[in-house]
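# Notes for the structure review
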Amino acid sequence: MRSKPRWWLLPFLVLALLLAFLLDLLSGPFPLKLSEVFSSGARKGSVDALVLLEIRLPRSILAGLVGACLGLAGAAMQGLLRNPLAGPGLVGVSNCAALGAVITFYFGFAGLAWYLLPLGGLVGAALGVMLIFFLAGREASVLGLILAGVAINAVASSLISLALNFSENPYAMSEIVYWLLGSVADSSIRDVAIAVPFMFAGWLCLLGSGRFLDALSFGEEGAQSMGFNIGRQRAFIIVGVALTVGAAVSVSGNVGFVGLVVPHLIRPLVGAEPGRLLLPSAIAGAVMVLLADAAVQLLSPQQELKLGVVTALVGGPFFLWLVYRMRHEAV
Amino acid sequence: MSHIQIEQARVVRNGVAIVDGVSVELVPGQVVGLIGPNGAGKSTLMRAMLGLVQLDAGSCRLQGRQLESWSMRERARQMAYLPQNTESHWPLLAARVIAMGRLPHLSYWQRPGPGDQQAIARAVQLAEVEDLLERVVTTLSGGERMRVNLARLLATGAPSLLADEPIASLDPYHQFHIMEIFAEHARSGGSVLVVLHDLNYAARFCDRLLLMDHGNSVIQGAPAEVLQPEILRRVYGIDTRWVESEDLSLIVPVGRHRSHH
């Protein structure tokens, strides 16, 4: 296994991020002429400029932010649970966040204050991470993690459906699809604004946990004997995952598989170090979601696919391959 | 002054005293061997000295100061721990594993400095792992992995090393190598506590032995005082014999003792 850190990784990812952002910005049902946008300028209020600034830009920014959150949270969870199959979607944390957001949104709390929607997602995500940790966190077993994840996912997604049915929402069915599959279509700069403070706080918690995750490679007592206050460090990561996943899910629904796939692709390129995995996973997560969102708009411009369908189409088979490979390694 | 001093330690789990009134002291220049049958409480005593297990009674002092008054980070600079299971969960490079020994000295965003590099280079040399640095630890043999982890311990620069059965699954060459590293660490003013099952390594490499049974301290002293056939018969239920061969005296287990329960 090639496992050496690659110096070109970060420059490459930053370049990929720029290109993916541009691609996503330029794709959509309305063909944009860049020359129009720049020559006439936004001050004249041309249609092209309006589309770009009011529709495309918030959507692309949100796609990038959500991807960064999911990639980073996935890398942190895999490190914390010492399990390559951990990811916010697979173990049910995303659906718990969606449940929290659905409850605040459809029972009228979200209108009371701007921060209540992401806060609902955050509380849901925090409960989800704590559940998965106490059900499967200690002994780092793959089987325990997956079983707990299946159970949490089932409970959370059925509660989402139940809450939406109870909300007397005429569009309950399509809303269920939105929350379970995720989308950044029709997002406004307001969505970006309410999610960003939570996301940044979460990034700080998670990016600051790198050294602890490195030490945790040698087990909980190993990390303790290397000078880490395990209770406090663990709480930091749980709060960080709750902030990032909660904020991301409450503005985009559950976009699956990003947090699982991205850290896997990056791991061999950073020498498998959990700490060095964090930042590249965040950038690569943003790239993946931006590309998926561009694909959504390019593949079916008229009737848009949901973002989560595309990430699952990539992530699902990847997950199957991962399970297959792990079985072989275990034998 | 002693490096670590635990007194009348008592650890109770589920109503059973796993460690019951044991005292031991690690002093500069000495390798202390911790021996006893399976389940005697050796690992628990070691973990209590590291502060990984809460004491139900008794006290532990690190460099003369109550252990509880030290922060986790300060403790990690004074004592380094090699647990029984040294397997890494991720396929890390050996060089990076050894560098992680400096974690207790680095604050959150601080990069390793020349002092850290020096400590790492010295540890690599002592543990003779120059050839393994570019290897991935999950692909190493047991003996190689143990040496890499020992290098990580040495890189911390901690005066006290505590190792739980470090040579249990190694071939004799590596067993000698690991024990020689501990002896060298003690010679240069450090202190070592090591859990052992092999009585001959205990006799040859340890300055002092603590024999435990059922959570109690049976006897503590020089190897010749502790490794007496009557005591070993009572504790292990085996018959042993000292054999002289040229300049060596070896203790040989000859079989299970008949009347042992």
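Residues numbered from 1 in each chain as written. Chains lettered and ligands numbered in written order. Predicted model: local features only at pLDDT ≥ 70, side-chain atom pairs only at ≥ 80, totals over all residues. Heavy atoms only, no water.

Further remarks concern the interface of chain A and chain B. If you look at the interface, chain A gives 33 residues, while chain B gives 30 residues. Roughly 2,700 Å² is buried in total at the junction of chain A and chain B, and carbon and sulfur atoms are behind 62% of that figure. In terms of surface lost to chain B, no three residues of chain A exceed A:R211, A:F218 and A:M226, which account for 27% of the buried area on that side. Run the count over chain A and chain B and you get two salt bridges. For A:E221, the salt bridge goes to B:R47, with nearest N and O atoms at 2.8 Å. At the surface where chain A touches chain B, the tally comes to six residue pairs in polar contact (both at pLDDT 80 or more). Contributing elements (two or more residues each) for the side of chain A that touches chain B: α3 (47-81), α9 (210-215), α10 (219-225) and α13 (274-299) of chain A. (Contact = heavy atoms within 4.5 Å. Buried area = accessible area lost by both parts, 1.4 Å probe. Salt bridge = Lys/Arg side-chain N within 4 Å of Asp/Glu carboxyl O. Polar contact = N/O pair within 3.5 Å; in protein donor to acceptor, adjacent residues only side chain to side chain. Helix = DSSP H or I, 4+ residues; strand = E, 2+ residues; numbered from the N terminus.)

Before going further, it helps to spend a moment on the domain arrangement of chain B. All names here are of chain B. The domain architecture assigned to chain B consists of domain 1 (4-227) and domain 2 (228-261). Between the C-alpha centres of domain 1 and domain 2 there is a distance of 27 Å. Listed as interface residues are 16 residues of domain 1 and, on the opposing side, eleven residues of domain 2. Between domain 1 and domain 2 the total buried area reaches about 1,100 Å² when both faces are included, carbon and sulfur atoms providing 67% of it. (Domains from an automatic or database assignment.)

A word on the layout of surface pockets. Computed from the structure, the largest pocket encloses a volume of approximately 870 Å³. When residues of the lining of the largest pocket are traced back to their parent elements, those giving at least two are α1 (9-26), α9 and α13 of chain A together with α3 (94-99) of chain B. Looking at which element gives the most residues to the lining of the largest pocket, the answer is α13(A), with five residues. Among the residues making up the lining of the largest pocket, the classes are represented as 17 nonpolar, four polar and seven charged. In this structure, the second largest pocket occupies an estimated 710 Å³ of space. In terms of lining, the second largest pocket is formed by 31 residues, of which the most central are A:Y178, A:V184, A:A185, A:D186 and A:S187. Elements that contribute at least two residues to the lining of the second largest pocket include exactly α3, α4 (93-106), α7 (172-181), α8 (189-207) and α11 (230-252) of chain A. Here the lining of the second largest pocket gets five residues from one element, more than from any other, and that element is α3(A). (1 Å grid on protein atoms, 1.4 Å probe; cavity = no way out; pocket = protein on both sides within 12 Å on 5 of 7 lines; lining within 4 Å. Points joined across faces, edges and corners; volume = space filled by probe spheres on them. Nonpolar A, V, L, I, M, F, W, Y, C, P; charged D, E, K, R; others polar.)

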